[in-house]
Amino acid sequence: MRFKTSIRNIQTFSKLTASLSSLGKVAWVRLDDDNVRFTIIPETGTQVWASLTIDSIFEDYTIQSAAPSNTINLELPLLPLHRALKSAINASSASIRLTKKDGMPVLSLTIITNTISSGNSANGFLNGNREDPFGDGNAFREESLDAGREREAVVTQDIPVRVLTAVSVEGIHEPRVREPDAHIILPSLIQLKAISDRFTKLALSTTSNSSTRNSGAHAPKLELAANMHGSLKLSIKTDALSIESVWTGLTNPELDPGQVGEEGGLEGHPSTKLRERGPEAWSTVRIDGRDWGRVLSVGRLGGRVIACFADEHALILYVYLSNYEDATEESVLTYYISSFSI
């Protein structure tokens, strides 16, 4: 079993792990010949299924195993990985390989940084020598050219992992969700997160019961709704508070007929029926505000985000990341968020 690769885009990889680590401590990572997949399934909260093209974050990618498509499954702690990547942001290059240390599997991150040494000139006139170098004829001294020489620093960080058998992960599948009633391209996630966080804080501040404030199950829920006429609505209600924000002029992307089930086709699809009911017809979900704020941290990666609403049931976000020009497929992060009942 072998896995080794250079990191093509350290900053993007670091932002990705920062976003994922806010939703779970451990990820199931599946590596194969074609893709890199990160999956987070917490006991409660949002599930994440991320499928990245190799070229979006890696280059000089080598993988080998006895499994089909050279698949390797790993259980990976996200915070140590993110801290290691964060330390490599200014590196000239970085690479990862799967190896063993003291008999235990680790992902070894090697970081190469070029630094400029100060050389012998560090003790010269401009660095604390108060004597006037022009005071006599002997002031002009020969200096070494070592000053400013570039040196290479190599740092290796090991992240402990577990290598998972194919049998242990074969029963893990993405959630099944019915066809959405509404689908819409979200506005700026940075703006949406700022407003969502503000609504959540206001609602919590008006809740007198401290146990309710600290309990995710009983904390106030954000209500998010979309129609098929380009509008998105965010609101929250408590006994002492009722506020909402509405976006208009957004895009409802067209469905791909090839992705729609044969039964009813586009004409019978729930989103078509919702559109026919007019702009006052909404598909609504209720979500935990703090969990939603963590989900929206993926906005640091950029890219377009399509939200699919299954009324009173679930919200699915598809986050499409910008890849390099030579990449033929898009990388996509899929978030599954269950709706709370009233």
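If you're wondering where the values come from, they're calculated on a predicted model, not measured in any experiment. (Residues numbered from 1 in each chain as written. Predicted model: local features only at pLDDT ≥ 70, side-chain atom pairs only at ≥ 80, totals over all residues. Heavy atoms only, no water.)

Visitor: Even after reading the chapter, I still don't get the side chain of serine 56, so can you show me in this structure?
Guide: Within the secondary structure, serine 56 is located in helix H2 (residues 54–57). Judged by relative accessible area, which is 9%, serine 56 ranks as buried. A polar atom in the side chain of serine 56 sits 2.6 Å from the backbone oxygen of threonine 53. (Helix = DSSP H or I, 4+ residues; strand = E, 2+ residues; numbered from the N terminus. Buried < 20%, exposed > 50% of the residue type's maximum accessible area, 1.4 Å probe, protein only. Polar contact = N/O pair within 3.5 Å; in protein donor to acceptor, adjacent residues only side chain to side chain.)

Visitor: Would you mind showing me how to read the environment of valine 285 here?
Guide: Within the secondary structure, valine 285 sits in strand E15 (residues 283–288). Separated by 61 residues in the primary sequence, valine 285 and leucine 224 place their C-alpha atoms 5.5 Å from one another. Apart from residues no more than four positions distant in its own chain, valine 285 is found in contact with Leu222, Glu223, Leu224, Phe309, Ala310, Glu312, Ala314, Leu315 and Ser339. (Contact = heavy atoms within 4.5 Å.)

Visitor: Looking at this structure, how should I read unusual backbone geometry?
Guide: The bulk of non-glycine residues show a negative phi, and the bulk of peptide bonds are trans. Look at aspartate 60: it is not a glycine, yet its phi comes out positive at around 50 degrees. Along the chain, aspartate 60 falls in strand E5 (residues 58–64). Here aspartate 102, not a glycine, exhibits a phi torsion of approximately 55 degrees, which is positive. According to the relative accessible area criterion, aspartate 102 is exposed, its value standing at 77%.

Visitor: Even after reading the chapter, I still don't get the nonpolar core, so can you show me in this structure?
Guide: With 74 residues, the main nonpolar core has Phe13, Phe38, Trp292, Phe309 and Leu333 as its most contacted residues. Those residues in contact with phenylalanine 38, other than ones at most four positions away along the chain, are Phe13, Leu16, Leu20, Ala27, Trp28, Val29, Val48, Trp49, Ala50, Leu52 and Leu76. (Core = buried A, V, L, I, M, F, W, Y, C linked by side-chain atoms within 4.5 Å.)

Visitor: Sorry if this is basic, but what is going on with the sheet that holds strand E12 (residues 221–226) here?
Guide: Adjacent strands of a sheet pair through backbone hydrogen bonds, lying either parallel or antiparallel. If you trace the four strands from one edge of the open sheet to the other, you get E14-E13-E12-E15, paired in antiparallel fashion. Strands at the two margins of the open sheet, each flanked by one partner only, are strand E14 (242–247) and E15. Mean inter-strand twist for the sheet, computed between neighbouring axes without regard to direction, equals 20 degrees. Sheet analysis places strand E13 (residues 232–237) next to E14, joined by six bridges and oriented antiparallel. Across the sheet, leucine 232 pairs through a bridge with tryptophan 247, a residue of E14. (Pairing = 2+ DSSP bridges. Axes fitted to C-alpha atoms, helices over the stretch in contact; angles between N-to-C directions.)

Visitor: In this structure, what is going on with the pattern of salt bridges? I would like to understand it.
Guide: Side-chain pairs of opposite charge can arise where the charged atoms are in close proximity. On inspection of all chains with the given rule, the structure shows eight salt bridges. As a salt-bridge pair, arginine 37 and aspartate 32 come within 2.9 Å of each other at their nearest N and O atoms. Overall, the relative accessible area of 28% leaves arginine 37 in the partly exposed class. You can call aspartate 32 buried: its relative accessible area is 6%. When the shortest N-O distance is used, the salt bridge between glutamate 223 and arginine 286 registers 3.2 Å. Highlighted residues: glutamate 223 in strand E12 and arginine 286 in strand E15, separated in sequence by 63 residues. When its relative accessible area of 27% is taken as the criterion, glutamate 223 is described as partly exposed. (Salt bridge = Lys/Arg side-chain N within 4 Å of Asp/Glu carboxyl O.)

Visitor: So what exactly am I meant to see when it comes to the environment of valine 295 here?
Guide: Checked against the element boundaries, valine 295 lands in helix H8 (residues 289–295). For the pair formed by valine 295 and isoleucine 337, sequence separation is 42 residues and the distance between their alpha carbons is 9.4 Å.

Visitor: Can you help me understand the packing of aromatic side chains in this one?
Guide: Each pair of aromatic rings is reported with the distance of its centres and the angle of its planes. Under the counting rule described, the total for this entry stands at six aromatic pairs. Plain terms: the ring middles of phenylalanine 3 and phenylalanine 58 are 6.4 Å apart, the flat faces sit at 65 degrees to each other, and that makes the pair edge-to-face. Of this pair, phenylalanine 3 sits in strand E1 (residues 2–7) while phenylalanine 58 is found in strand E5, placing the two residues 55 residues apart along the sequence. The same class applies to phenylalanine 3 and to phenylalanine 58, which are both buried. Put simply, the rings of Phe3, Phe13, Phe38, Phe58 and Tyr61 touch in pairs and so form one group of aromatic residues. The ring of tryptophan 282 carries the charged tip of lysine 233 above its face, separated from the ring centre by 4.3 Å. (Phe/Tyr/Trp six-rings, centres within 6.5 Å; stacked < 30°, edge-to-face > 60°. Lys NZ or Arg CZ within 6 Å of the ring centre and 35° of its normal.)

Visitor: Teacher, can you tell me more about empty space enclosed by the protein here?
Guide: It is the rolling of a water-molecule-sized probe over the atoms that shows where space remains empty. In total, this model carries one cavity of 30 Å³ or more according to the counting rule given. Each pocket or cavity is described by its volume, and for the largest cavity that value is around 80 Å³. When residues of the lining of the largest cavity are traced back to their parent elements, those giving at least two are strand E2 (26–31) and strand E6 (72–77). For the lining of the largest cavity, the per-class residue count stands at eleven nonpolar, no polar and no charged. (1 Å grid on protein atoms, 1.4 Å probe; cavity = no way out; pocket = protein on both sides within 12 Å on 5 of 7 lines; lining within 4 Å. Points joined across faces, edges and corners; volume = space filled by probe spheres on them. Nonpolar A, V, L, I, M, F, W, Y, C, P; charged D, E, K, R; others polar.)

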